[in-house]
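Observations on chain architecture
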Amino acid sequence: MENLRTLAAELCDLHHVMALMQWDQEVMLPVRGSAERAQQFATMSGIIHRKEVDPALGELISKAEFRGDSLSVIDLALVRKMRRNFDQSTKLPEEFVVEFSTLTSQALPVWVAARKNNDFASFAPLLTKMVAMSRQQADYLGYEEEPYDALLDLYEEGLTAARVRECFDALREPLRKMIAQVGSGHGGDDGVGEPFIVEEQIRFADQLLAKIGFDFERGRQDRSAHPFSTGLGGCDQRVTNRYNPQSIEFIFSALHEGGHALYEQNVGVDLARTPLASGVSLGIHESQSRLWENIIGRSAPFWQHCFSSLRESFPAQFGNLALGDFMKIINGVHPGLIRVEADELSYNLHVLIRFELETALLDGSLQVADLPAAWNERYRDYLGVTVPSDSDGVLQDIHWAHGSFGYFPTYTIGNLASAQIWHAYCLFDLDHEATIAHGDFGKIRQWLSQQIYQHGSVYPPHELLLRVTGEELNPDYFLRYLEKKFL
Ligand code: ZN
């Protein structure tokens, strides 16, 4: 175990160095530094890959597995996690990995240009290759029921297409009904009269992060083209935001990335420098960002607490606005074309469409050439919108150009889990609305830390959810949350 821990710590450090290089690329890198940075990434990836597939590491893992019963809970989890990583790295032949990453780096700029020029045909041949290679990747990784399961498992351990289908079957009709009932255009738009001053937006975003408990001695907030959150170590969590002088989106981006960061900042110190010292899966991670962004951050009690400081910070924008009107603005329902701009009611229908299409691409029942038409038909059917161009349609997301098939469902898993976890919190704190209205976020954070954050990746995602909420993932909680809020 000691030797295994040493290797785990070394790999952990190397991954954090890579994360630092990535953060730097998004936040700091001068324009002409990107070519050398690409070479540095290739060198580092090679070093890490060789260490990850080292047969000596495999032998140590096998020996530790043999000792199974005598290991502590944490050591057992460490061995399980290292086995999972080792298998994922060794099941793919090296030439496949190189070919796949070459395809990805070819596809990305083509996708960027195709989106810009509304030219799906130029991207189609590469996407066709990407589908074929993803299918091959699934075969290398292995699966029990269907190839898509192998890809899902990369992002959400143990999740299957069958389970995702069940969840979407439970959501599809109720969501469409609710959207019809609430009516399109419910609430105002988020346009602000007077433009914001960016420095003041940054100051307010910092204040919000501090309010929910982001520790600035163990993290920072910076600017980037797209908001993200990354960990460079147990005591170094980075979040970023973007600031449009015309939009209040920065408030919810701060809470979203802040939610991701709170998870990471509260992982138990006993897990430091191991692969367990991080959130367990994309879905559970997203449940935490969505919980702080939407369930807490778009709730009336939250703004009972924060509205006066918002008005003080931005008198020109909000000085004459009533709290009730502000609540309508931030909870507007506008079924539209773009996933990342979607409201809470329609968001998961966007994910559902992607899930249906990518499973069909992978099982061969849909050809890439027919993808735009299939996309547009579903947007009309599920969201009632006409897609004017592929740029605002099938070309809008980076995921497929990236080769990330199986990633989209984790967004919906996150939304469903956030409501289920919040329900468990509300049973613990019957005065939860007062807790939020008084700004007692420490109470919520403490409970989440005890239940979720401190465990890092010790428990697989489904087991963690079962421990916290007493049941498997159940879409009812999310539907009930939406009904209560919007109907
Ligand atoms: Zn997120």
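Counting from 1, residues in each chain are numbered in the order their sequence is written. Local features are withheld for residues below a pLDDT of 70 in this predicted model, meaning they are given only at 70 or higher, and side-chain atom pairs are given and counted only at 80 or more; totals for whole chains, interfaces and linings count all residues. Here the side-chain values reflect all heavy atoms present in the structure, with hydrogen atoms and water set aside.

A closer look at the domain arrangement of the protein
For the protein, the assigned domains read domain 1 (2-119) and domain 2 (120-487). Each domain span listed reflects an automatic or database assignment of domains. Distance between the C-alpha centres of domain 1 and domain 2: 24 Å. A contact between two residues is defined here by any heavy atoms of the two lying within 4.5 Å. If you look at the interface, domain 1 gives 37 residues, while domain 2 gives 46 residues. Accessible area that two parts lose when put together, with a 1.4 Å probe and added across both, is what the buried area reports. With both chains or domains summed, domain 1 and domain 2 bury close to 3,900 Å², and 66% of this area falls on carbon and sulfur atoms. Contact with domain 2 buries area across many residues of domain 1, yet Trp23, Leu103 and Trp111 alone supply 16% of it, more than any other trio. Between Lys or Arg on one side and Asp or Glu on the other, a salt bridge is scored when a side-chain nitrogen of the former is within 4 Å of a carboxyl oxygen of the latter. Taken together, the links from domain 1 to domain 2 amount to four salt bridges. Here Arg80 ties to Glu157 by a salt bridge, and the two come within 2.9 Å at their closest N and O atoms.

Description of the coordination of the zinc ion
Within the protein, His256 (NE2), His260 (NE2) and Glu286 (OE) serve as the donor atoms for the zinc ion, at 2.1 to 2.3 Å. Residue exposure (1.4 Å probe, protein chains only): buried if accessible area is under 20% of the type maximum, exposed if over 50%, otherwise partly exposed. By relative accessible area, which is 10% here, Glu286 ends up buried. Here the term donor refers to an N, O or S atom within 2.8 Å of the metal (or 3.2 Å for Na, K and Ca), and because water is left out of the atoms, sites may appear incomplete.

Examining helix α17 (residues 409-428)
Per the convention used, a helix needs a DSSP run of H or I reaching at least four residues, while a strand needs a run of E reaching at least two, with both numbered from the N terminus. Helix span is expected to be 1.5 Å times the residue number reduced by one. With 20 residues, α17 should cover 28 Å at 1.5 Å per step; its first-to-last C-alpha distance of 29 Å lies within 8% of that length. α17 sits mainly inside the fold: 17 of its 20 residues count as buried.

Re the pairing of strand β3 (residues 237-241)
Among the five residues in β3, five count as buried, and that is most of the element. Of the two faces of β3, the one holding Gln237, Val239 and Asn241 and the one holding Arg238 and Thr240 are both buried throughout. If DSSP finds at least two bridges between two strands, the strands pair. In this structure, strand β1 (residues 219-223) lies alongside β3, joined through five bridges in parallel fashion. Across the sheet, the residue bridging to Arg223 is Asn241, located in β3. Here strand β2 (residues 229-231) pairs with β3 via three bridges, running antiparallel. Across the sheet, residue Thr230 finds its bridge partner in β3, namely Arg238. The hairpin turn running from β2 into β3, its antiparallel successor, is five residues long, and Gly233 in that turn takes a positive phi close to 150°.

Details of the layout of surface pockets
Here a cavity denotes grid points, spaced 1 Å and computed from the protein atoms alone, that fit a 1.4 Å probe unable to get out, and a pocket denotes an open set having protein on both sides within 12 Å along at least 5 of 7 lines; residues with an atom within 4 Å of a point are the lining. Grid points are joined across faces, edges and corners, and a volume is the space filled by probe spheres set on the points. Space inside the second largest pocket adds up to approximately 630 Å³. Every residue lining the second largest pocket is counted, 23 residues in all, and those nearest its centre are Trp422, Glu433, Tyr481, Lys484 and Lys485. The set of elements that each furnish at least two residues to the lining of the second largest pocket consists of α12 (300-313), α14 (323-330), α17, α18 (432-437) and α21 (476-486). Considering every element that reaches the lining of the second largest pocket, the biggest residue donor is α21, with six residues.

Focus on the nonpolar core
Formed by 142 residues in total, the largest nonpolar core has its most connected members in Trp292 and Trp303. The residue makeup of this core includes at least three contributed by each of domain 1 (2-119) and domain 2 (120-487). Residues in contact with Trp303, not counting those within four places in the same chain, are Ile251, Phe252, Gly297, Arg298, Leu310, Leu323, Phe326, Met327 and Ile330. Residues enter a nonpolar core if they are buried and are Ala, Val, Leu, Ile, Met, Phe, Trp, Tyr or Cys, with the set joined through side-chain atoms within 4.5 Å.

Looking at empty space enclosed by the protein
One pass over the full model with this rule turns up two cavities of 30 Å³ or more. Taken together, the elements giving at least two residues each to the lining of the largest cavity come down to α11 (282-296), α17 and α21. For the lining of the largest cavity, the leading source of residues is α11, giving three residues. Three classes are used, and their members are as follows: Ala, Val, Leu, Ile, Met, Phe, Trp, Tyr, Cys and Pro are nonpolar, Asp, Glu, Lys and Arg are charged, and the others, Gly among them, are polar. For the lining of the largest cavity, a count of residues per class yields four nonpolar, three polar and two charged. By volume, the second largest cavity is sized at about 40 Å³. Considering only residue class, the lining of the second largest cavity consists of seven nonpolar, no polar and one charged.

With respect to the side chain of Asp390
Take Asp390: it is sitting in the loop between α16 (371-383) and α17. Sequence-distant contacts of Asp390, that is, excluding residues within four places in its chain, are made with Asn118, Phe120, Pro372, Asn376, Leu395 and Gln396.

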